[in-house]
Amino acid sequence: MPHDFAAQRAGTVAAFNDMQAEHGLPEAADVDYFFVPARDGADWRKLADDLSREGYGCNWVSGKDAEGGSPYLAATLPDQIISATGIWIGEEVATRAALSHGFAPDGWGLEG
């Protein structure tokens, strides 16, 4: 089944709007995108290599270190101007790479 990018984008915009209304958001921050293995053989190193070439800093969080015990890859774009569109652009690029390496998107967050 193909990935539903329209639904993912709608979720991102809704989450952004909720966060903006509830807390207010900074003008700039690091944006973290999270990806979980979606199939056997998913290789986080290959995904991290691809994303690093696109300017993302990548960190693998093993199951023993992860909240909830599930491993994930965190891909960070540093010092981004914060808008729903900007977050989505980074998310879409990273998601396309993640899907090609057997990973699925699992949300995003802001740091800074």
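Preceding this section is the structure that the text describes.
Residues numbered from 1 in each chain as written. Predicted model: local features only at pLDDT ≥ 70, side-chain atom pairs only at ≥ 80, totals over all residues. Heavy atoms only, no water.

1. Some words on the sheet that holds strand β2 (residues 57–61)
Step number 1: The strand order across the open sheet formed by four strands is β2-β3-β1-β4, and the pairing between neighbours is antiparallel. The open sheet is flanked by β2 and β4 (103–111), the only strands paired with a single partner. Averaged over all adjacent pairs, the angle separating strand axes in this sheet is 25 degrees, with direction ignored.
Step number 2: Pairing of strand β1 (residues 28–37) with β4 involves seven bridges; the strand directions are antiparallel. Residue pairing in the sheet places D32 in a bridge with G109 of β4.
Step number 3: Against the sheet, helix α2 (residues 44–53) makes contact with β2, β3 (72–81) and β4, and its axis sits at roughly 10 degrees relative to β3, the strand it touches most. (Pairing = 2+ DSSP bridges. Helix = DSSP H or I, 4+ residues; strand = E, 2+ residues; numbered from the N terminus. Axes fitted to C-alpha atoms, helices over the stretch in contact; angles between N-to-C directions. Contact = heavy atoms within 4.5 Å.)

2. As for the side chain of T12
Step number 1: Note on placement: T12 falls in helix α1 (residues 5–22).
Step number 2: Other than its neighbours up to four places away in sequence, T12 contacts I87, W88, E91 and W108.

3. Topic: α1
Structural remark: α-helix, 3.6 residues per turn; residues separated by three or four positions point the same way.
Step number 1: Here α1 contains 18 residues, and its C-alpha end-to-end distance of 25 Å stays within 8% of the 26 Å for a straight helix at 1.5 Å per residue.
Step number 2: Listed as buried for α1 are F5, Q8, T12 and F16. Projected down its long axis, α1 carries its buried residues within an arc of 70 degrees, all on one side. In α1, the exposed positions that point more than 90 degrees away from the buried face belong to A6, D18, A21 and E22.
Step number 3: Its side-chain oxygen at 3.3 Å from the backbone nitrogen of A6, D4 defines the N-terminal cap of α1. (Expected span 1.5 Å × (residues − 1). Buried < 20%, exposed > 50% of the residue type's maximum accessible area, 1.4 Å probe, protein only. Arc of directions from axis to C-beta. Polar contact = N/O pair within 3.5 Å; in protein donor to acceptor, adjacent residues only side chain to side chain.)

4. A word on the nonpolar core
Step number 1: One finds Y33 and L51 to be the most contacted residues of the largest nonpolar core, which totals 21 residues.
Step number 2: Those elements that provide at least two residues to this core are β1, α2, β3, α3 (84–100) and β4.
Step number 3: For this core, the element with the most residues is α3, which contributes five residues. (Core = buried A, V, L, I, M, F, W, Y, C linked by side-chain atoms within 4.5 Å.)

5. Quick notes on the pairing of β3
Step number 1: Pairing of β1 with β3 involves seven bridges; the strand directions are antiparallel. The residue of β3 that forms the bridge with F35 is L73.
Step number 2: Where β2 lies against β3, five bridges are found, and the strand directions are antiparallel. Bridge pairing in β3 links G57 to T76.

6. Details of the packing of α1 against α3
Step number 1: Running from amino to carboxyl end, α1 crosses α3 at an angle of 140 degrees, the nearest separation of the two axes being 10 Å. It follows from the interaxial angle that α1 and α3 lie oblique. Crossing geometry of α1 relative to α3 is assigned as right-handed. On the side of α1, the interface is formed by F5, Q8, R9, T12, V13 and F16, while α3 contributes A84, T85, I87, W88, E91, E92, T95, R96 and L99. (Parallel < 35°, antiparallel > 145°, perpendicular 65-115°, else oblique. Left-handed = near helix turned anticlockwise from the far one by under 90°.)

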